[in-house]
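Architecture at a glance
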Amino acid sequence: LCDQDDIWNNNKVEVMTDFLKENSDICVLASRYQLIDSDDKDITDFKIPYYSLTDDGSSEAIDAASLIGCSHIRGFSICFNAKIKRFLKPIDVKSLLAHDWFISILGSLLGKTVILNRVLCKYRFHGGNLSLSDMNRKELLGSFEKRVSGLCESIKAHSYLLDCNIKSKPVKALKRFIRFEKKRLKFLKTKNLFILLSLLFYLKEYKRYYKSVKGALRVWLGDFCYGYNINFKIKKRENI
């Protein structure tokens, strides 16, 4: 996959296809990347969760359960084999998740999703990169409508994975996450304080987004602020 303004190293296709040929159990392979600006200059001071410039040729398999609800693998860095094509239904996940999440979790369910620690491309950051511009916004809250539609899309997408004829899927984890997302959606629509408080018992699910208790509480606080329309200016480049 390639976005038109990203840059591939000349050997990207060769390196990744050779690695797939040597490891037939891998369904989705992602590479590391360098972040650049509109003038092709490297960006070194922008914080992205799980971003790494490790370039030692090692590889890291990504567990399917860790991809439930979120993914730090970006679409322009991946390639995949034909095994997952028949599962790529036209599911809309643009508001919260994305096509790269959908492909990555399918790969991990049908075989392996792996990150190859080779920097093989450059990812351009500009105002049109919605996934990164959200992280750099100046106010705590983004779009309420996007939050709601994102949860609806997430519920639909994870329900699809649950219904797929894939033997290795983590059924219990998927069901619990779907219940969690439905509860979040219900709170945003009803603004019921008791539902919000009950979501504190789902911190394990909230942790999926940032892999820490602090991050989980931050997302829960985000739901609180979205629900009651509490907004303020922020200084750090953080996304709730």
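Going by the structure above, here's the rest.
For every chain, the first residue of the written sequence is number 1, and numbering continues from 1 along that sequence. Under the rules for a predicted model, residues below a pLDDT of 70 receive no local features and side-chain atom pairs below 80 are neither given nor counted, while totals for whole chains, interfaces and linings still include all residues. Think of the side-chain values as coming from all heavy atoms in the structure, minus any hydrogens and water.

It is worth spelling out the overall build of the protein chain at this point. Helix numbering and strand numbering both begin at the N terminus, where a helix is a DSSP run of H or I of at least 4 residues and a strand a DSSP run of E of at least 2. When its secondary structure is counted, the protein chain shows 8 helices and 5 strands. Element order for the protein chain, N to C, with α for helix and β for strand: β-α-β-β-β-α-β-α-α-α-α-α-α. Here a residue-residue contact requires only that any non-hydrogen atoms of the pair lie within 4.5 Å. At a minimum sequence separation of 6, the contacts of the protein chain that also span at least 24 residues come to 75%. Each accessible area is a Shrake-Rupley estimate made with a 1.4 Å probe; only the visible protein chains count as cover when residues are assessed. Carbon together with sulfur atoms contributes 54% to the accessible area of the protein chain, which is approximately 12700 Å² in total.

Examined against the element boundaries, Lys169 turns out to sit in the loop between helix H4 (144-163) and helix H5 (171-190). Sequence-distant contacts of Lys169, that is, excluding residues within four places in its chain, are made with Leu109, Leu161, Leu162, Asp163, Cys164 and Leu174.

Next up on the list: the packing of aromatic side chains. Classification of ring pairs rests on two measures: the distance between centres of Phe, Tyr or Trp rings, Trp counted by its six-membered ring, which must be within 6.5 Å, and the angle between planes, read as stacked under 30 degrees, edge-to-face over 60 and tilted in between. The final tally for this structure, using the stated rule, is 12 aromatic pairs. Arranged with centres 6.1 Å apart and planes meeting at 25°, the rings of Trp101 and Phe102 form a pair that is stacked. Like Phe102, Trp101 is buried. Put simply, the rings of Tyr33, Tyr51, Phe76 and Tyr123 touch in pairs and so form one group of aromatic residues. Any Lys NZ or Arg CZ found within 6 Å of a ring centre and within 35 degrees of that ring's normal is scored as a charge over the ring. Lying over the aromatic face of Trp8, Lys12 brings its terminal NZ or CZ to 4.3 Å of the ring centre. Sitting over the ring of Tyr210, Arg218 keeps its end group 4.4 Å from the ring centre. Each residue is assigned to one of three classes by its accessible area relative to the maximum for its type, calculated with a 1.4 Å probe on protein chains only: buried under 20%, partly exposed between the two thresholds, exposed over 50%.

A few words on the nonpolar core. It is characteristic of soluble globular proteins that their nonpolar side chains tend to be buried jointly. Put simply, buried Ala, Val, Leu, Ile, Met, Phe, Trp, Tyr and Cys residues joined by side-chain atoms within 4.5 Å make one nonpolar core. Counting 51 residues, the largest nonpolar core has Trp101, Leu161 and Tyr206 as the members making the most contacts within it. Among the elements of the structure, strand E2 (26-36), helix H2 (99-110), H4, H5, helix H6 (193-198), helix H7 (203-210) and helix H8 (213-228) are those that each provide at least two residues to this core. Judged by nonpolar contacts, the second largest core, of 10 residues, contains Leu29, Val114, Leu116 and Leu120.

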